Amino acid sequence: MEDYMVSTIEKINKQEFQNDLLNWFKEEQRDLPWRKDQDPYKVWVSEIMLQQTRVDTVIPYFNRFIEKFPTIEALADADEESVLKAWEGLGYYSRVRNLQAAVREVKENYNSKVPNTPEEIKSLKGVGPYTAGAILSIAYGVPEPAVDGNVMRVFSRILTIWDDIAKASSRKVFEQAVRELISHDNPSFFNQALMELGALICTPTSPACLLCPVREHCQAFEEGVQNELPVKTKKKSMKHIELIAAVLKDQEGKYLIHKRPSDGLLANLWEFPNVEKSQLVKPKDILHDFLKKDFRVDIQLEKESLTTIPHVFSHLTWNIDVYSGEILGQVEQKEDLKLVTKEELTQYAFPVSHQKMWKAYQEMVRA
DNA sequence: CATCCGTGGGT
DNA sequence: TACCCAAGGAT
């Protein structure tokens, strides 16, 4: 632990801090679907969904997911296709592929019981230090830290910790602080309360210090520096990619879709055929050659693109010029290349960018 | 350790 | 508008 922190953490009256935090949480905690019981599987699913994702976004996904896959066994036995479909639109799709792989391991090697030791649970795919601590504390009452962005923000203020929370190495500083202050009577509520406080009171901008249950323990408030914390360095700017895509229909009215590779961006999701734009070659010629060379498909495109779809990811942006066209002759379908009806399209998981494309295409057709 | 990996909402 | 952000993990 950093030397300067030793002095700040000693200022905390541990018992009073725990009482103030826990009493506030018992009164003010939100009524969330994953708080109805402590089923380790449901806690697990909720924690994976909540990674980098807002509570309001997760709620409907969680309810649908648990209804469709209510148990470890149900998720382990499901087709990956249907699991990805249930995650469609939630983002960070490797989360759900790792979740299903981990659930299958729990079914095979742990008799379908989520393990309850740090070593075992951290060995599961997609379960890192935060999620391990969250499941252990919330589902099993084990006093392990669950340090997420909320906890780092809250503790950086309470203890005036000036480490850069954008650096991976900072997490252990906060874990150590949590280990010293966590309630051993109720680790579950302690960890959840820290996150709830970060979400409702100790917010990134304009924290509601006058409503804060632990204001009297907060050294940043005492010094008037709560708006200077946490320290977080900025990330670098994004990359821009220009794409050309085509919604292609065959003589039977079926649409051509392609399954993306099993790694990288939007892995294993379906898409309309698309290729990166070039400065040298005309868009329609690129598309025509791409469909022929990669998929052995002959096409006839409409003259002009229907629209351009802008789509912003966390680390890059796409601008997709969308064309429509017809397929000439036959298509050799494969695992990753299919012709499907408009109705069948709804069974496949698409990234939001391609959902936008499809919507724009349909509006053009209707007009 | 830095980068990759989605999306929608807030300011 | 252009950022910033949200219950992170894998590589």
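Just so you know, these numbers come straight off a predicted model, no measurement behind them.

1. What about the protein's contact with DNA strand C?
Argument step 1. In the vicinity of DNA strand C there are 24 residues, among which Gln52, Gly126, Asp148, Asn150 and Pro204 approach most closely.
Argument step 2. Taking the atoms of DNA strand C that fall within 4 Å of the protein, sugar and phosphate contribute 65% of them.
Argument step 3. A distance of 3.1 Å is found between a base nitrogen of DNA strand C and a side-chain nitrogen or oxygen belonging to arginine 35.
Argument step 4. Looking at the surface near DNA strand C, the elements with two or more residues in it are helix H3 (40–50), helix H9 (129–140) and helix H10 (149–158).

2. Focus on the packing of helix H6 (residues 80–87) against helix H7 (residues 94–109)
Argument step 1. Two elements in contact, H6 and H7, have axes whose closest approach is 10 Å; the angle formed by their N-to-C orientations is 135°. One element, H6, and the other, H7, form an angle in the oblique class. As H6 packs across H7, the resulting crossing turns out to be right-handed. Mapping the contact onto sequence places Glu80, Val83, Leu84 and Trp87 in H6 and Arg95, Val96, Arg97 and Gln100 in H7.
Argument step 2. The residue inventory of the contact of H6 with H7, partitioned by class, reads 4 nonpolar, 1 polar and 3 charged.

3. Digging into helix H15 (residues 352–366)
Argument step 1. Given a rise of 1.5 Å per residue, 15 residues ought to cover 21 Å, and the 21 Å separating the end C-alpha atoms of H15 matches this to within 8%.
Argument step 2. Looking at the buried side of H15, the elements it contacts are strand E1 (239–249), strand E2 (255–259), strand E3 (270–271), strand E4 (274–276), strand E6 (307–312) and strand E7 (316–328).

4. Let's talk about empty space enclosed by the protein
Argument step 1. Following the criterion strictly, the structure yields 1 cavity of 30 Å³ or more and no others.
Argument step 2. Taken as a whole, the largest cavity spans an internal volume of roughly 120 Å³.
Argument step 3. In this structure, the largest cavity is lined by 15 residues; those nearest its centre are Arg157, Cys202, Cys209, Cys212 and Cys218.
Argument step 4. Counting residues per element, the lining of the largest cavity draws most heavily on H10, which supplies 3 residues.
Argument step 5. Class assignment for the residues of the lining of the largest cavity results in 12 nonpolar, 1 polar and 2 charged.

5. Brief notes about the pattern of salt bridges
Argument step 1. In total, this model carries 13 salt bridges according to the counting rule given.
Argument step 2. For arginine 179, the salt bridge identified is with glutamate 144, shortest N-O distance 3.3 Å. With arginine 179 in helix H11 (residues 171–181) and glutamate 144 in the loop between H9 and H10, the pair connects residues that are 35 residues apart, well separated along the chain.
Argument step 3. Residue classification places glutamate 144 among the buried residues on the basis of a relative accessible area of 15%.
Argument step 4. What emerges from the salt-bridge pattern is a single network uniting Arg30, Arg35 and Glu196.

6. Regarding the environment of tyrosine 41
Argument step 1. Inspection of the secondary structure puts tyrosine 41 in helix H3.
Argument step 2. Dropping the residues within four chain positions of it, tyrosine 41 is found in contact with Phe65, Ile66, Phe69, Pro70, Thr71, Ile72, Leu75, Val103 and Val114.

7. Re the domain arrangement of chain A
Argument step 1. Domains assigned within chain A are domain 1 (3–228) and domain 2 (239–366).
Argument step 2. Computed from C-alpha atoms alone, the centre-to-centre distance between domain 1 and domain 2 is 38 Å.
Argument step 3. Roughly 930 Å² of surface becomes buried between domain 1 and domain 2 when both sides are summed, with 49% attributable to carbon and sulfur atoms.
Argument step 4. Viewed at the interface, domain 2 and domain 1 are joined by 1 salt bridge.

8. Considering the packing of aromatic side chains
Argument step 1. On inspection of all chains with the given rule, the structure shows 14 aromatic pairs.
Argument step 2. Here phenylalanine 17 and phenylalanine 155 contribute two aromatic rings whose centre-to-centre distance is 6.5 Å and whose plane-to-plane angle is 65°, an arrangement assigned as edge-to-face. One end of the pair, phenylalanine 17, is in helix H2 (residues 14–28); the other, phenylalanine 155, is in helix H10, with 138 residues separating them in the sequence.
Argument step 3. When the centroid spacing of 4.9 Å and the interplanar angle of 85° are considered together, the rings of tyrosine 255 and tryptophan 358 count as edge-to-face. Within this pair, whereas tyrosine 255 is found in strand E2, its partner tryptophan 358 is found in helix H15, the two being separated by 103 residues in sequence. Pair check on accessibility: tyrosine 255 and tryptophan 358 agree, each one buried.
Argument step 4. Ring pairing ties together the aromatic residues Tyr255, Phe272, Phe350, Trp358 and Tyr361, which thus form one cluster.
Argument step 5. In this structure, arginine 64 packs its charged tip against the face of tyrosine 61, placed 4.8 Å from the ring centre.

9. Observations concerning the packing of H3 against helix H4 (residues 55–68)
Argument step 1. With their axes 10 Å apart at the nearest point, H3 and H4 run at an angle of 140° to one another. Between H3 and H4, the interaxial angle falls into the category oblique. Viewed along their axes, H3 and H4 form a crossing whose handedness is right-handed. Where H3 approaches H4, its residues Tyr41, Lys42, Val45, Ser46, Met49 and Leu50 are matched on the opposing element by Val55, Val58, Tyr61, Phe62, Phe65 and Ile66.
Argument step 2. Residue composition of the contact of H3 with H4, by class: 10 nonpolar, 1 polar and 1 charged.

10. A word on helix H12 (residues 187–200)
Argument step 1. For H12, with 14 residues, the first-to-last C-alpha span of 20 Å sits near the 20 Å given by 1.5 Å per residue.
Argument step 2. When you tally the buried positions in H12, you get 11 out of 14 residues, the bulk of the element.
Argument step 3. All of the buried residues along H12 are Pro187, Ser188, Phe190, Asn191, Gln192, Ala193, Leu194, Met195, Glu196, Leu197 and Gly198.
Argument step 4. The inward-facing, buried residues of H12 abut H2, H9, H10 and H11.

11. Notes on the protein's contact with DNA strand B
Argument step 1. Lining the immediate environment of DNA strand B, one finds 20 residues, of which Arg54, Tyr93, Ser169, Leu266 and His315 sit closest.
Argument step 2. In the interface set of DNA strand B, defined as its atoms within 4 Å of the protein, sugar plus phosphate atoms amount to 60%.
Argument step 3. With respect to DNA strand B, the backbone of glutamine 52 contributes an N or O atom lying 3.0 Å from a base nitrogen.
Argument step 4. Looking at the surface near DNA strand B, its residues break down into 9 nonpolar, 9 polar and 2 charged.

Definitions and cut-offs
The residue numbers shown here count from 1 along each chain, following its written sequence. Lettering of chains starts at A and numbering of ligands starts at 1, both following the order in which they are written. Local features in a predicted model are, by the rule used here, given only for residues with pLDDT of at least 70; side-chain atom pairs are given and counted only at 80 or more, and totals for whole chains, interfaces and linings are based on all residues. For the side-chain quantities, the full set of heavy atoms in the structure was used; hydrogens and water were omitted. By convention in these notes, a residue is near a molecule or strand provided one of its non-hydrogen atoms lies within 4 Å of it. Here a polar contact is taken to be a pair of N or O atoms separated by no more than 3.5 Å, where protein atoms must pair a possible hydrogen donor with a possible acceptor and residues adjacent in sequence count only if both atoms sit in side chains. A run of H or I in DSSP counts as a helix once it spans at least four residues, and a run of E counts as a strand once it spans at least two, with each numbered from the N terminus. Geometry is summarised by axes, namely lines fitted to C-alpha atoms with helices restricted to the contacting stretch, and by angles between N-to-C directions that run from 0 to 180 degrees. Should an angle fall under 35 degrees it is taken as roughly parallel, and over 145 as roughly antiparallel, whereas 65 to 115 is taken as roughly perpendicular and any remaining angle as oblique. Crossing handedness follows the turn of the near helix against the far one: under a right angle anticlockwise gives a left-handed crossing, and clockwise gives a right-handed one. The contact rule is simple, with two residues in contact once any of their heavy atoms fall within 4.5 Å. Residues are grouped as follows: Ala, Val, Leu, Ile, Met, Phe, Trp, Tyr, Cys and Pro are nonpolar; Asp, Glu, Lys and Arg are charged; every other residue, Gly included, is polar. In a helix, the anticipated span is given by 1.5 Å times the number of residues less one. Here the term cavity refers to a set of points on a 1 Å grid, laid over the protein atoms alone, in which a 1.4 Å probe fits but cannot get out; the term pocket refers to an open set having protein on both sides within 12 Å along at least five of seven lines, with lining residues being those that place an atom within 4 Å of a point. Grid points are joined across faces, edges and corners, and a volume is the space filled by probe spheres set on the points. Between Lys or Arg on one side and Asp or Glu on the other, a salt bridge is scored when a side-chain nitrogen of the former is within 4 Å of a carboxyl oxygen of the latter. Relative accessibility decides the category of a residue: with a 1.4 Å probe and only protein chains considered, values under 20% of the type maximum give buried, values over 50% give exposed, and everything between is partly exposed. The split of the chain into domains comes from an automatic or database domain assignment. Here the quantity called buried area is the accessible surface, traced with a 1.4 Å probe, that two parts lose on coming together, added over both. The aromatic pairing rule takes the rings of Phe, Tyr and Trp, using the six-membered ring of Trp, and pairs them if the centres are within 6.5 Å, calling planes under 30 degrees apart stacked, those over 60 edge-to-face and the rest tilted. As a reminder, the over-ring test applies to NZ of lysine and CZ of arginine, requiring each to be within 6 Å of the ring centre and within 35 degrees of the ring normal.

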